[in-house]
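# Analysis of the macromolecular model
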Amino acid sequence: MAKGPGRRLPGILLAALFVYWGNTALQVCRFEPSFPALPAGFDGCRIVVLSDLHGAEFGEGNRALFDAVAAESPELIFFLGDLVDEYRDLPADYAETVAEGLSAIAPTYYVTGNHEWAAVDVPDLKKQLSGHGAAVLDNKFLALERNGDQIILAGIDDPNGYADQKSPAQVAREVYAAWGDPFWLLLAHRNDRFPGEYSLLGADLVLSGHGHGGVIRLPFTDGLLSTNRTFFPSYTAGLYRENGSVLFATRGLGNVGRLFRLFNRPEIAVITLRKG
């Protein structure tokens, strides 16, 4: 006997609640990559990695997000692009609120993603962010100091940026020209450029978003869908190694337009650097 609509309704409601929870309940995931070349002063350095917020709000004004990040006591915060979404209208102060909330917790460093270049006036966005506490790394690099040691942090604009912007290879050459052969980190939005491009630059650790964890995550897959709607992408979540370089890809926080995640909760990633 076929089930009537009334009998199906509880299952439909439970499924809808599960999907809602899976797209709004923040998940903290912790990783401890180790590197023989890491300066001893950075052993134990704790970093929160965020990406792909896409205009979402976790709590009013993203208060739940800020509280969850603060609870991890990070020394640094990296935001890896797609703060905004080209398919979503946002309050005028959205970017400033995020920059203020995160930079009040720890020094916050930001690079653009592809959606910034499609959605907003990027130079104006960068001014808003830097004016409210976030350091914008647009094809720039700087030294970080901890316990008497230094490492280099570099960040590149998304390839959707200006045609005449510095290439990642140019930025890498400038890092080596200025610092010799340092231990260095690269913030670069696009995870899918790691194997063929970013892993060849020499950075010890590349940190990326963009892949949304493969949108839908199933057992034994590295994500089901890429952001280009191809099946079974790789480099979408966690740690990978290619060409002597390590990638950390965060699953990110939000969704593009009306898309939703499945078995793939919004991620606050906590990276603790280890020497070893």
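All of the points below concern the structure found in this document. Source: prediction; values computed, not measured.

## Describing the overall build of the protein chain
Across its full length, the protein chain holds 6 helices and 14 strands. Relative to its length of 276 residues, the protein chain is compact, with a C-alpha radius of gyration of 19 Å against a globular reference of 19 Å. Each of the three principal axes of the protein chain carries a C-alpha extent, and together these read 75 × 40 × 40 Å. Counting every position in the protein chain, which comprises 276 residues, the buried fraction comes to 52%. When contacts within the protein chain are restricted to residue pairs at least 6 apart in sequence, those whose partners lie at least 24 apart make up 71%. Taken as a whole, the protein chain presents about 12600 Å² of accessible surface, with 55% of it coming from carbon and sulfur. A distance of 9 Å separates the average location of the 24 positive side-chain charges in the protein chain from that of its 32 negative side-chain charges.

## Describing the sheet that holds strand β7 (residues 140-146)
Reading across from one edge, β7-β8-β9-β10-β12-β11 is the order of the 6 strands in this open sheet, with mixed pairing throughout. Looking along the sheet, the strands with just one partner apiece sit at the ends: β7 and β11 (238-242). Mean inter-strand twist for the sheet, computed between neighbouring axes without regard to direction, equals 25 degrees.

## Description of the sheet that holds strand β3 (residues 46-50)
With mixed pairing, 6 strands are arranged side by side in an open sheet as β1-β13-β3-β4-β5-β6. Looking at which strands have only one partner, the edges of the open sheet turn out to be β1 (27-31) and β6 (134-136). In this sheet, neighbouring strand axes are inclined to one another by 25 degrees on average, regardless of whether the strands run parallel or antiparallel. Pairing of β1 with strand β13 (residues 267-272), which is carried by 5 bridges, proceeds in the parallel orientation. In the strand pairing of β13, F31 is matched with I271. Set on the sheet, helix α2 (residues 63-71) makes contact with β3, β4 (76-79) and β13; between it and β13 the angle comes to about 20 degrees.

## Things to note about the pairing of β13
Most of β13 sits out of view: 6 of its 6 residues are buried. Of the two faces of β13, the one holding E267, A269 and I271 and the one holding I268, V270 and T272 are both buried throughout. Where β3 and β13 come together, 4 bridges link them in antiparallel fashion. Across the sheet, V49 pairs through a bridge with A269, a residue of β13.

## Looking at the packing of aromatic side chains
One pass over the full model with this rule turns up 11 aromatic pairs. On the numbers, 6.1 Å between centres and 35 degrees between planes, the contact of F18 with W21 is tilted. Taken together, the positions of F18 and W21, both in helix α1 (residues 5-24) and 3 residues apart, correspond to about one turn of that helix. Its relative accessible area of 42% is what places W21 among the partly exposed residues.

## With respect to the environment of G131
With respect to the helices, strands and loops of the structure, G131 is situated in helix α5 (residues 122-131). By relative accessible area, G131 is classed as exposed at 57%. For the pair G131 and H54, spaced 77 residues apart in the sequence, the C-alpha separation amounts to 21 Å.

## Comments concerning the environment of F231
If you trace the backbone, F231 turns up in the loop between β10 (205-209) and β11. The sequence separation of F231 and S245 amounts to 14 residues, and the corresponding C-alpha distance is 25 Å.

## A word on the side chain of E96
Relative to the elements of secondary structure, E96 occurs in helix α3 (residues 94-103). We note that E96 is buried and unpaired, the nearest opposite charge coming from K127 at a distance of 12 Å. Beyond its immediate chain neighbours, meaning those up to four positions away, E96 contacts Q128 and H132.

## Some thoughts on the side chain of R190
Tracing the chain through its elements places R190 in strand β9 (residues 184-190). Side chain to side chain, R190 and D158 meet in a polar contact 2.8 Å long. Non-local contacts of R190, meaning those with residues more than four positions away in its chain, are made with N114, D158, P159, N160, Y198, S208 and H210.

## Concerning empty space enclosed by the protein
Taken as a whole, this structure holds 1 cavity of 30 Å³ or more when the rule is applied. There is about 60 Å³ of room inside the largest cavity. Lining the largest cavity, in full, are F79, L83, V98, A99, L102, T108, Y110, L129 and A134. Within the residue set of the lining of the largest cavity, elements represented by two or more residues are α3 and β5 (108-110). Among the elements that take part in the lining of the largest cavity, α3 stands out by supplying 3 residues, more than any other. Along the lines of polarity and charge, the residues of the lining of the largest cavity split into 8 nonpolar, 1 polar and no charged.

## A look at the state of the cysteines
The bond known as a disulfide is covalent and runs between the sulfur atoms of two cysteines. Scanning all chains against the criterion turns up 0 disulfides. Distance from the sulfur of C45, which forms no disulfide, to the nearest cysteine sulfur (C29) is 19 Å.

About the thresholds
- Numbering of residues begins from 1 in every chain and follows the order in which that chain's sequence is written.
- The predicted nature of this model means local features are confined to residues of pLDDT at least 70 and side-chain atom pairs, given and counted, to a pLDDT of 80 or more, with totals for whole chains, interfaces and linings taken over all residues.
- With hydrogens and water set aside, each side-chain value is computed from the structure's full complement of heavy atoms.
- Put simply, DSSP H or I for four residues or longer makes a helix, DSSP E for two residues or longer makes a strand, and each gets a number counted from the N terminus.
- The globule rule is 2.2 Å times the number of residues to the power 0.38, and the radius of gyration it is compared with is taken over C-alpha atoms.
- Partly exposed residues are those whose accessible area sits between 20% and 50% of the maximum for their type, while under 20% is buried and over 50% is exposed, using a 1.4 Å probe and protein chains only.
- Contact definition: two residues touch when any of their heavy atoms are within 4.5 Å.
- Method for areas: the Shrake-Rupley scheme with a 1.4 Å probe, in which residue coverage is limited to the protein chains shown.
- A positive count includes Lys and Arg, and a negative count includes Asp and Glu. His and the chain ends are not counted in either.
- For this purpose, a charge sits on NZ of Lys, CZ of Arg, CG of Asp or CD of Glu.
- Between any two strands, pairing holds if DSSP finds at least two bridges.
- Note on geometry: axes are C-alpha line fits, over the in-contact stretch for helices, and angles between N-to-C directions span 0 to 180 degrees.
- Stacked, edge-to-face and tilted labels apply to pairs of Phe, Tyr and Trp rings (six-membered ring for Trp) whose centres lie within 6.5 Å, assigned for plane angles under 30 degrees, over 60, and everything in between, in that order.
- Here, a salt bridge means any side-chain nitrogen of Lys or Arg that lies within 4 Å of a carboxyl oxygen of Asp or Glu.
- Pairs of N or O atoms within 3.5 Å make up the polar contacts considered here, provided that, within protein, one atom can donate a hydrogen while the other can accept it, and that residues adjacent in sequence are counted only when both atoms are side-chain atoms.
- Buried and open spaces are told apart on a 1 Å grid over the protein atoms alone, a cavity being a set of points where a 1.4 Å probe fits but cannot get out and a pocket being an open set with protein on both sides within 12 Å along at least five of seven lines. Residues with an atom within 4 Å of a point are the lining residues.
- Grid points are joined across faces, edges and corners, and a volume is the space filled by probe spheres set on the points.
- Throughout this entry, Asp, Glu, Lys and Arg are counted as charged residues, while Ala, Val, Leu, Ile, Met, Phe, Trp, Tyr, Cys and Pro are counted as nonpolar. The remaining residues, Gly among them, count as polar.
- Cysteine sulfur atoms are paired as a disulfide whenever they come within 2.5 Å of each other.

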